[in-house]
Amino acid sequence: LDARFLFYKESDGRNQVLNPVIFYKPDLGLGNGELDVQLGYDTISGASPTGGYPSADQTTSASGWTSTTKNFPQAEYDDSRASGSLAYRRKFGAHMPSIDVSFSKENDYEAKSLGLSDSWTMAGGRGTLHYGASISRDVVTPVTNDDRFTKDTNGFALGWTWVLGERDLLDVSASLMLQSGYLDDPYKVVPIGTIDDNVTVPEMRPDSRQRFALFAKYGHYFLWNGAVKASYRYYRDDWSVEAHTLDVTYDQKLGSRWIVSPRVRLYTQTGASFYGSLFPVPETYMSADSRLSPLGSLLGGLTGSYRVNDALWVNLGGTYQIQEGRDRVTPATSTPGGVGDTKVSAADMTTLTVTAGLSFRF
């Protein structure tokens, strides 16, 4: 039984998440397979940039709340999400097939998914071919209206794990995700016009998206009771978003009870072909969502795990991330023709994550 609690907070009064999760893996007995159960509950609050053009003057929302994130218009919200998943796998000879089902529900979004996968061990146990497929059928019901939209996702994955030696492990995999249906964000807007004179309209994204990712992981154990785990992920989709992620974690055992794990992650992405902070005239597809903008981030973290006894482990960790947007604009002012002193980006922010947990085996 694993219990974890995650606290996530963005700078400047943006998103904050509280997320308790319980993992349960009962012993089904020899030859009966393995079962994994996960239950989670998120509470999410704060504010998110709407996509409106920034102002160097102080701006106030309709509710009377003043924006503090370099005067990017923001929308307040408060939501919660309940989620659960169930996975069962059983070994048949060299194969380990698995079935996974999950469900989550929040105020304006419902997600249901089903996945089938298999791990096929070969080459005398040194290699494993793993492959699978999944489907997700989601429903979006924005709180701003009575509309109901559907969003479908079909995913496919293929990979190979190879035991390079007594202390080295390599895994290479690829995935393809095909999405269709309602892919807009119902709460994002797009500014059309000029810096001094613009109006906002709802964003419009394509109704399909093909997402491809290539992933490589490498692990090496050192004789001084340390291990390094490095991964690289390349991502590209037909919205012209291209991303690179490099993630390295080092685990060091200290004595018989402690494991200390520092971590660093580098991330960079290009912007979507239809992204823009301001559009002179309406276009077929438009989005000012900073998550689709060109940006980069650097994350550092540290986790400590302590073995209380043979049955109980406790851990505490945290990460701090600096994110910077590459699409920088000059904010407007109330003075006709006036602009701010510095260029800003809605993607600029820092994030703090703290995770506490325990693992109990009984």
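Residues numbered from 1 in each chain as written. Predicted model: local features only at pLDDT ≥ 70, side-chain atom pairs only at ≥ 80, totals over all residues. Heavy atoms only, no water.

Before going further, it helps to examine the overall build of the protein. When helices and strands are tallied, the protein shows 0 helices and 18 strands. Projecting the C-alpha coordinates of the protein onto the three principal axes gives extents of approximately 75 × 40 × 35 Å. Within the protein, buried positions represent 35% of all 362 residues. Pairs at least 24 residues apart make up 56% of the contacts formed inside the protein by residues separated by at least 6 positions. (Helix = DSSP H or I, 4+ residues; strand = E, 2+ residues; numbered from the N terminus. Buried < 20%, exposed > 50% of the residue type's maximum accessible area, 1.4 Å probe, protein only. Contact = heavy atoms within 4.5 Å.)

Along the chain, Phe23 falls in strand S2 (residues 16-24). We classify Phe23 as partly exposed; its relative accessible area is 24%. Here the alpha-carbon distance between Phe23 and Gly40, two residues 17 residues apart in the chain, equals 8.8 Å. Ignoring anything within four residues of it in the chain, the contact list for Phe23 reads Leu1, Asp2, Arg4, Val37 and Gln38.

Here we come to the packing of aromatic side chains. The tally for this structure, following the rule as stated, stands at 7 aromatic pairs. A centroid spacing of 5.8 Å and a plane angle of 20 degrees characterise the contact between Trp160 and Trp162, whose relative ring orientation is stacked. Residue Trp160 is classed as partly exposed on the basis of its relative accessible area, which comes to 30%. You can call Trp162 partly exposed: its relative accessible area is 26%. Aromatic pair Phe222 and Tyr250: ring centres 6.3 Å apart, planes at 50 degrees, arrangement tilted. Within this pair, whereas Phe222 is found in strand S12 (residues 208-222), its partner Tyr250 is found in strand S14 (residues 242-254), the two being separated by 28 residues in sequence. (Phe/Tyr/Trp six-rings, centres within 6.5 Å; stacked < 30°, edge-to-face > 60°.)

With the rule as written, the count across this model stands at 17 salt bridges. Close ionic contact of Glu203 with Arg205 constitutes a salt bridge, the shortest N to O distance being 2.5 Å. Residue Glu203 is classed as buried on the basis of its relative accessible area of 4%. Residue Asp289 is joined to Arg291 by a salt bridge in which the shortest nitrogen-to-oxygen separation is 2.7 Å. Its relative accessible area of 2% is what places Asp289 among the buried residues. Each of Asp185, Glu203, Arg205, Asp289 and Arg291 takes part in a single network of salt bridges with overlapping partners. (Salt bridge = Lys/Arg side-chain N within 4 Å of Asp/Glu carboxyl O.)

Pairing analysis gives 5 bridges linking strand S10 (residues 189-193) to strand S11 (residues 198-202), with the strands arranged antiparallel. Within S11, the residue paired with Gly193 across the bridge is Asn198. In this structure, the hairpin formed by S10 and S11 is closed by a connection of 4 residues. (Pairing = 2+ DSSP bridges.)

Membership of the largest hydrophobic core is limited to 10 residues, which are Leu183, Ala213, Tyr235, Trp239, Val241, Ala243, Ala272, Phe274, Tyr275 and Leu292. Among the nonpolar cores identified, the runner-up in size contains 6 residues, and Tyr53, Phe72, Val344 and Ala346 belong to it. (Core = buried A, V, L, I, M, F, W, Y, C linked by side-chain atoms within 4.5 Å.)

With that settled, the discussion passes to the confidence of the model for the protein. Averaged over every residue, the pLDDT of the protein is 93; residues scoring 70 or more account for 94%. Predicted confidence for residues 60-69 stays below pLDDT 50, and this span has 17 contacts to residues more than four positions away or in other chains. (pLDDT = per-residue confidence, 0-100.)

Unusually for a residue other than glycine, Asp12 sits at a positive phi of about 60 degrees. Here Asp12 is to be found in the loop between strand S1 (2-10) and S2. The exposure class assigned to Asp12 is partly exposed, which follows from its relative accessible area of 37%. Residues other than glycine seldom take positive phi values, yet Ser240 does so here, at roughly 75 degrees. With respect to the helices and strands, the residue Ser240 is situated in the loop between strand S13 (226-237) and S14.

What follows deals with the environment of Lys25. Relative to the helices and strands, Lys25 resides in the loop between S2 and strand S3 (34-49). When the C-alpha positions of Lys25 and Asp2 are compared, they lie 8.6 Å apart, and in sequence the two are 23 residues distant. Residue contacts for Lys25: discarding those within four places in its chain leaves Glu34, Leu35 and Asp36.

Looking now at the pairing of strand S17 (residues 312-325). With 13 bridges joining them, strand S16 (residues 295-307) and S17 adopt antiparallel strand pairing. Note on S17: the bridge partner recorded for Ser305 is Asn315. Between the antiparallel neighbours S16 and S17 lie 4 residues.

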